[in-house]
Amino acid sequence: MTVFFHIGSTKTGTTSLQRFLAVNRQILRKQGYRFPQFLGRENHTKLAVYAHDLRQHEAALRLGVNSPDSLAAFRETLEADLHTRLRGETDHVVLSSEHCSAILNSPHEIARLKSLLTRIGSDIKIIFYARQQAEFLVSQYSTNVVKGFTQRLQYPGQDNLIRNFNYFALLSRWEDVFGKDAIIGRIFDPKKMVNGDVIHDFCDVIGIRRAFLRRAEIPERLNESLDYETAEFLRKFNALVPSRADNAINPDRSNIGDIVRHLSTKEKIALPPSFAERLRKDLYESNCLFRERFVDGIKEDPFDWSERGTRKPLQDLTIDDAYRIFAEIWKLKVQQTIKTRHR
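Nothing here was measured: the structure is a model prediction, and the numbers come from that model. (Residues numbered from 1 in each chain as written. Predicted model: local features only at pLDDT ≥ 70, side-chain atom pairs only at ≥ 80, totals over all residues. Heavy atoms only, no water.)

A.B. asks: Pulling in residues and values, what's your account of a nonpolar patch on the surface?
C.D. replies: On the surface, a nonpolar cluster with roughly 410 Å² of combined accessible area is contributed by Phe 326, Trp 330, Val 334 and Ile 338. Looking at where Ile 338 falls in the secondary structure, it is placed in helix α16 (residues 319-341). (Patch = residues over 30% accessible without salt bridge, like charges linked within 9 Å, V, L, I, M, F, W, Y side chains within 5 Å. Areas by Shrake-Rupley, 256 points an atom, 1.4 Å probe, with all protein chains shown as cover. Salt bridge = Lys/Arg side-chain N within 4 Å of Asp/Glu carboxyl O. Helix = DSSP H or I, 4+ residues; strand = E, 2+ residues; numbered from the N terminus.)

Next up, the structure:
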């Protein structure tokens, strides 16, 4: 039995992959792969919250973890659940949470997670997808705005650069705890994934036969990124209705992030011209080391840095644009309310 642990990274089709695993949970079990539901219906966020030192993080707040006492109780419950539900499991276990690569930054946090997982089995594989960092920065900014950020798009600071953009440094932290043989690095690029798709690629990595995919349900892909207009609208909204209130998720926001994402139909956000080139230069050596150490042994930059598609830079909205977006949000919210009443 092998524990296949997909740790992200963020913005590499993780939602689509997790949804695929969730909707096919029963037939995956027949293939000898268990995707446990008690850790999270789609995203196994509980693993990241368990290992994370107590700090203000949205994933923990959503699980009611906001104090040392609540964290201790959460860990005790999860350990008991793991013992009851997975101890002695003979099927392969598939786990997935991009929060683990995003928020577990210290050796003792990762070691805490390993200590938990070895209660299931000793053969653990860490699977990580890496995205070209200019694309990653734009997508990360969009996600942060949905979460409630109010800052404008900025070049990542040194700590952020090392923590989230330097894939060699990130995976080296996991290698120090789990060992090199446990780490599987993949490139999130249609040209380099099996059938150009992260679901097909992941199934190939963990040994699921391709014939299975012809019978499996493939969920509809969701547009998770904001366009250049909706991102600016929501960023300014966040300043007026913050994401947190009284050490908890602010209920006044309702599902504004999901609604705005549904409206995002225009061009994607363009980075300032200097950002992509600066990222390429700043991360060239670490990208080469990442590929050599964790992907295929070749010491070359694994990413395509050419411009992709039509994009527009972030810009101030006109009053008419702001009113138009607000009207579209209002209509969607009314439609959702009507559907809820008729269920």
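Read on for the rest.
A.B. asks: Break down helix α13 (residues 228-240) for me, citing the residues and quoting the values.
C.D. replies: Buried within α13 we find Tyr 228, Glu 229, Thr 230, Ala 231, Glu 232, Phe 233, Leu 234, Arg 235 and Asn 238. If you check the start of α13, you find a side-chain oxygen 3.0 Å away from the backbone N of Glu 229, and it comes from Asp 227. (Buried < 20%, exposed > 50% of the residue type's maximum accessible area, 1.4 Å probe, protein only. Polar contact = N/O pair within 3.5 Å; in protein donor to acceptor, adjacent residues only side chain to side chain.)

A.B. asks: Hey, could you go over the environment of Val 177 for me, with residue numbers and the actual values?
C.D. replies: Mapped onto the fold, Val 177 is located in helix α10 (residues 167-178). Given a relative accessible area of 17%, Val 177 falls into the buried group. Once you skip the residues sitting within four places of it in the chain, Val 177 turns out to touch Pro 107, Ile 110, Ala 111 and Lys 114. (Contact = heavy atoms within 4.5 Å.)

A.B. asks: Report on the environment of Leu 271, specifying residues and quantitative values.
C.D. replies: Tracing the backbone shows Leu 271 in the loop between β6 (268-270) and α15 (273-295). On the basis of relative accessible area, Leu 271 is assigned to the buried category, the value being 17%. Each C-alpha atom of the pair Leu 271 and Gln 154 lies 9.4 Å from the other, and the pair is 117 residues apart in sequence. The residues touching Leu 271, leaving out its near neighbours within four places in the chain, are Ala 134, Leu 137, Val 138, Leu 153 and Ala 276.

A.B. asks: Can you explain the sheet that holds strand β3 (residues 92-96)? Please cite residues and give values.
C.D. replies: As summarised here, the arrangement of the five strands in space is β2-β3-β1-β4-β5, forming an open sheet in which the pairing is parallel. Two strands lie at the open edges of the sheet, namely β2 (33-34) and β5 (183-187), each paired on one side alone. (Pairing = 2+ DSSP bridges.)

A.B. asks: Lay out the nonpolar core with the relevant residues and their values.
C.D. replies: One finds Phe 5, Leu 113 and Trp 174 to be the most contacted residues of the largest nonpolar core, which totals 73 residues. If we skip the residues at most four places from it in the chain, Phe 5 touches Leu 47, Leu 95, Ser 96, Ser 97, Cys 100, Leu 113, Leu 117, Lys 125, Ile 126, Ile 127 and Trp 174. With 22 residues, the next largest nonpolar core counts Phe 4, Phe 35, Phe 202 and Leu 213 among its residues. (Core = buried A, V, L, I, M, F, W, Y, C linked by side-chain atoms within 4.5 Å.)

A.B. asks: Lay out the pairing of strand β1 (residues 3-6) in plain terms, naming residues and giving numbers.
C.D. replies: A two-sided burial pattern is seen for β1, the buried positions comprising Val 3 and Phe 5 on one face and Phe 4 and His 6 on the other. Across four bridges, β1 lies against β3 in parallel orientation. When the bridges of β3 are listed, Phe 5 appears paired with Leu 95. In this structure, β1 lies alongside strand β4 (residues 124-130), joined through four bridges in parallel fashion. Bridging across to β4, Val 3 finds its partner in Ile 124.

A.B. asks: Quick rundown of the packing of aromatic side chains? Include the residues and the values.
C.D. replies: Per the stated rule, a full pass over the model turns up eleven aromatic pairs. With a centroid separation of 6.5 Å and an interplanar angle of 80°, the aromatic rings of Phe 20 and Phe 212 are classed as edge-to-face. You can see Phe 20 sitting in helix α1 (residues 14-23) and its partner Phe 212 sitting in helix α12 (residues 210-215), a full 192 residues away along the chain. What makes Phe 20 buried here is its relative accessible area of 0%. With a centroid separation of 5.5 Å and an interplanar angle of 80°, the aromatic rings of Tyr 155 and Phe 275 are classed as edge-to-face. Here Tyr 155 is found in the loop between α8 (133-147) and α9 (158-165), whereas its partner Phe 275 is found in helix α15, with 120 residues between them in sequence. The exposure class of Tyr 155 is buried, given its relative accessible area of 13%. One aromatic cluster is present, built from ring pairs that chain together Phe 128, Tyr 167, Phe 290 and Phe 303. Above the plane of the ring of Tyr 50 lies Arg 75, whose end atom (NZ or CZ) is 5.9 Å from the centre. Above the face of the Tyr 155 ring, Arg 278 is positioned so that its terminal group lies 3.8 Å from the ring centre. (Phe/Tyr/Trp six-rings, centres within 6.5 Å; stacked < 30°, edge-to-face > 60°. Lys NZ or Arg CZ within 6 Å of the ring centre and 35° of its normal.)

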